[in-house]
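In case you want the letters, here they are:
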Amino acid sequence: MRKLKEFTKYIMIAAVGGILDLLLFIVLHTYTDIHIQIVNLISMFTGITTNFILNYHFNFKADSKFFKRYFSFLTIGAVGFSIVSIFVFIFVQNLEWNAIFVKIGATMFATVIQYFLNRYISFRRYRA
């Protein structure tokens, strides 16, 4: 039951970071000439950092190893970034699908993978 509650909180926090990520992606993609992969990097980094801070304090209630956990979370975020980037490359840049829909679908897929990696790596109990 605890893991289900933790997963639910993770998804809710991911939604906050995801909305921030998506809004920044839409604004930068729509109103700038920045390459779509750079836009994706900027928006995802912002979302990942937001998600880490919220998960650190409110979900996993960590109280130690902030920078070690953040580095781990960012590394796992790079896995998610890679997944989303591949989807964007294939479906937006090559097949010319709608960038926003691809971004949403790919982010949802990556979020589930990142939960399990973060649960068992970034927020495992570190020995003192």
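Residues numbered from 1 in each chain as written. Predicted model: local features only at pLDDT ≥ 70, side-chain atom pairs only at ≥ 80, totals over all residues. Heavy atoms only, no water.

Peer 1: Which residues make up the packing of aromatic side chains, and what are the values?
Peer 2: In total, this model carries 17 aromatic pairs according to the counting rule given. Pairing Phe66 with Phe67 gives two aromatic rings, centres 5.2 Å apart and planes at 85°, and the pair type is edge-to-face. Judged by relative accessible area, Phe66 falls into the partly exposed class, the value being 28%. When its relative accessible area of 67% is taken as the criterion, Phe67 is described as exposed. One aromatic cluster is present, built from ring pairs that chain together Phe52, Tyr56, Phe60, Phe66, Phe67, Tyr70, Phe73 and Phe123. Sitting over the ring of Tyr120, Arg119 keeps its end group 5.2 Å from the ring centre. (Phe/Tyr/Trp six-rings, centres within 6.5 Å; stacked < 30°, edge-to-face > 60°. Buried < 20%, exposed > 50% of the residue type's maximum accessible area, 1.4 Å probe, protein only. Lys NZ or Arg CZ within 6 Å of the ring centre and 35° of its normal.)

Peer 1: Describe a nonpolar patch on the surface, naming the residues involved and giving the relevant values.
Peer 2: There is a patch of nonpolar side chains on the surface, built from Ile86, Phe89, Ile90, Leu95 and Trp97 and spanning about 510 Å² of accessible area. Summarising the element assignment, Leu95 is placed in the loop between helix H3 (66–94) and helix H4 (99–122). (Patch = residues over 30% accessible without salt bridge, like charges linked within 9 Å, V, L, I, M, F, W, Y side chains within 5 Å. Areas by Shrake-Rupley, 256 points an atom, 1.4 Å probe, with all protein chains shown as cover. Salt bridge = Lys/Arg side-chain N within 4 Å of Asp/Glu carboxyl O. Helix = DSSP H or I, 4+ residues; strand = E, 2+ residues; numbered from the N terminus.)

Peer 1: I'd like a description of the UniProt feature "transmembrane region" (unreviewed entry) in the chain, backed by residues and values.
Peer 2: According to UniProt, the positions carrying the feature "transmembrane region" (unreviewed entry) are residues 7–28, 34–58, 70–91 and 97–117. With 100% helix and 0% strand, residues 7–28 has end C-alpha atoms that lie 30 Å from one another. (UniProt positions renumbered as here; feature names shortened; annotations may be inferred.)

Peer 1: So, the side chain of Arg119: which residues are in play, and what are the values?
Peer 2: Position of Arg119 relative to the elements: it lies in helix H4. Excluding anything up to four places from it in sequence, Arg119 contacts Arg2, Lys3, Glu6, Phe60 and Arg124. (Contact = heavy atoms within 4.5 Å.)

Peer 1: Residue-level account of the side chain of Asp21, with values.
Peer 2: As for its placement among the helices and strands, Asp21 is situated in helix H1 (residues 2–31). Among the residues examined, Asp21 registers a relative accessible area of 5% and is labelled buried. At a separation of 2.7 Å, a polar atom in the side chain of Asp21 contacts the side chain of Ser43. A polar atom in the side chain of Asp21 sits 3.0 Å from the side chain of Lys103. Ignoring sequence-local partners within four residues, the contact set of Asp21 consists of Ser43, Met44, Gly47 and Lys103. (Polar contact = N/O pair within 3.5 Å; in protein donor to acceptor, adjacent residues only side chain to side chain.)

Peer 1: Tell me what's going on with the pattern of salt bridges, and back it up with residues and numbers.
Peer 2: The final tally for this structure, using the stated rule, is two salt bridges. Close ionic contact of Glu6 with Arg119 constitutes a salt bridge, the shortest N to O distance being 2.3 Å. With Glu6 in helix H1 and Arg119 in helix H4, this pair connects stretches of sequence that are 113 residues apart. Taking relative accessible area as the criterion, Glu6 reaches 9% and is therefore assigned buried. Classification of Arg119 as buried rests on a relative accessible area of 10%. The closest approach of N and O atoms between Asp21 and Lys103, which form a salt bridge, is 3.0 Å. Note that Asp21 is positioned in helix H1 and Lys103 in helix H4, a separation of 82 residues in sequence.

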